[in-house]
Amino acid sequence: METIIKALAIYAVVLFYTRICGRRTLSQATPFDVVLLLLIAESAQNALLGADASLTNMVLVIGTLVLLDVLLSYLKLRVPIVSLLSEGAPTVLIRDGRILTDEMTSSRVSIEDILEAARQAHGLLNMAQIRFAILETSGSISIIPYPDTVAAG
């Protein structure tokens, strides 16, 4: 029973930390982010297994984590607040061509990030062509250009 409780606790802690890292951090992994992820995984493994690295204990830990993930997925579909708490909501960064600096700052998104997404999605070259920019829960940025904007290229 101790193994299951440890697995639940570690899952909650790792979920909490990844949630506060922010969506952009998870969608654009730098070498530092990869190293951090590996260290977190190693720390979680040590906390979960402790001195008992037996096959039975590992199967119990993995089964608990998978079951918890399935349960959380089910809850996110049925209980909207669970989805909101675990994944957040999309954040509007540009509305009607106006940059929302508070939202950009709190989301740690730069103008360069938005311009990159605009170039990739629509071939847009400047901010004046962007009507809406939305930071999605996945960490990607959706760009909605003004209707009369002609994509370059």
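Asks: So what exactly am I meant to see when it comes to the pairing of strand E4 (residues 141-145) here?
Replies: Every other side chain in a regular strand lies on the same face of the sheet, so the side chains alternate between the two faces. Bridge count for strand E3 (residues 130-135) against E4 is five bridges, and the pairing is antiparallel. Its bridge partner being in E4, isoleucine 130 is matched across the sheet by proline 145. Here E3 folds back onto E4 in antiparallel fashion, the turn holding five residues, of which glycine 139 has a positive phi close to 100°.

Asks: Which parts of the structure should I look at to understand the packing of helix H4 (residues 55-78) against helix H5 (residues 80-87)?
Replies: Think of two packed helices as two axes; the pair is described by the angle between the axes and how far apart they sit. Look at H4 against H5: their axes get within 5 Å of each other, and the N-to-C directions meet at 120°. On the basis of their axis angle, the class for H4 and H5 is oblique. In this structure, H4 meets H5 at a crossing whose hand is left-handed. Where H4 approaches H5, its residues Leu72, Leu75, Lys76 and Arg78 are matched on the opposing element by Pro80, Val82, Ser83, Ser86 and Glu87. Its residues assigned to classes, the contact of H4 with H5 shows four nonpolar, two polar and three charged.

Asks: What should I look at first to understand the pattern of salt bridges in this one?
Replies: Two side chains carrying opposite charge are able to pair once their charged atoms lie near each other. By the definition in use, this model includes three salt bridges. Here lysine 6 ties to glutamate 2 by a salt bridge, and the two come within 3.8 Å at their closest N and O atoms. With lysine 6 and glutamate 2 both in helix H1 (residues 2-21), this residue pair falls four residues apart, about one helical turn. The exposure class assigned to glutamate 2 is exposed, which follows from its relative accessible area of 58%. We note a salt bridge from lysine 76 to glutamate 87, for which the minimum N-O separation is 2.7 Å. One end of the pair, lysine 76, is in helix H4; the other, glutamate 87, is in helix H5, with eleven residues separating them in the sequence. Among the residues examined, lysine 76 registers a relative accessible area of 23% and is labelled partly exposed. Residue classification places glutamate 87 among the partly exposed residues on the basis of a relative accessible area of 32%.

Asks: Honestly, the sheet that holds strand E1 (residues 91-95) in this entry has me stumped. Any pointers?
Replies: Picture the strands of a sheet paired through backbone hydrogen bonds; they go either parallel or antiparallel. Pairing is antiparallel in the open sheet, where four strands are placed in the order E2-E1-E3-E4. Each of the sheet's edge strands pairs with one partner strand only, and the pair in question is strand E2 (98-99) and E4. In the sheet, E1 pairs with E3 via four bridges, with the strands oriented antiparallel. Along E3, the bridge assignment pairs valine 92 with isoleucine 134. With respect to the sheet, helix H7 (residues 111-122) is in contact with E1, E2, E3 and E4, its orientation differing from that of E4 by roughly 65°.

Asks: What is the right way to read the pairing of E1 from this model?
Replies: The pairing of E1 with E2 spans two bridges and is antiparallel. By the bridge assignment, arginine 95 is partnered in E2 with arginine 98. In textbook terms, the turn of a hairpin is the stretch between consecutive antiparallel strands, and for E1 and E2 this stretch comprises two residues, one of which, aspartate 96, has a positive phi near 50°.

Asks: Is there a simple way to think about a nonpolar patch on the surface in this case?
Replies: A cluster of nonpolar residues, Leu71, Tyr74, Leu75, Val79, Ile81, Leu84 and Leu85, forms a patch on the protein surface that exposes about 630 Å² of accessible area. Elements supplying a minimum of two residues to the nonpolar patch: H4 and H5. Note that leucine 71 resides in helix H4.

Asks: Is there a simple way to think about unusual backbone geometry in this case?
Replies: Note: most peptide bonds trans; most residues except glycine with negative phi. Its identity as a non-glycine residue notwithstanding, aspartate 96 has a phi of 50°, on the positive side. Within the element layout of this structure, aspartate 96 appears in the loop between E1 and E2. Despite not being glycine, arginine 108 has its phi angle at roughly 60°, a positive value. Among the structural elements, arginine 108 can be located in the loop between helix H6 (101-107) and H7. For arginine 108, a relative accessible area of 49% translates into the label partly exposed.

Parameters and conventions
- Residues numbered from 1 in each chain as written.
- Predicted model: local features only at pLDDT ≥ 70, side-chain atom pairs only at ≥ 80, totals over all residues.
- Heavy atoms only, no water.
- Pairing = 2+ DSSP bridges.
- Helix = DSSP H or I, 4+ residues; strand = E, 2+ residues; numbered from the N terminus.
- Axes fitted to C-alpha atoms, helices over the stretch in contact; angles between N-to-C directions.
- Parallel < 35°, antiparallel > 145°, perpendicular 65-115°, else oblique.
- Left-handed = near helix turned anticlockwise from the far one by under 90°.
- Contact = heavy atoms within 4.5 Å.
- Nonpolar A, V, L, I, M, F, W, Y, C, P; charged D, E, K, R; others polar.
- Salt bridge = Lys/Arg side-chain N within 4 Å of Asp/Glu carboxyl O.
- Buried < 20%, exposed > 50% of the residue type's maximum accessible area, 1.4 Å probe, protein only.
- Patch = residues over 30% accessible without salt bridge, like charges linked within 9 Å, V, L, I, M, F, W, Y side chains within 5 Å.
- Areas by Shrake-Rupley, 256 points an atom, 1.4 Å probe, with all protein chains shown as cover.

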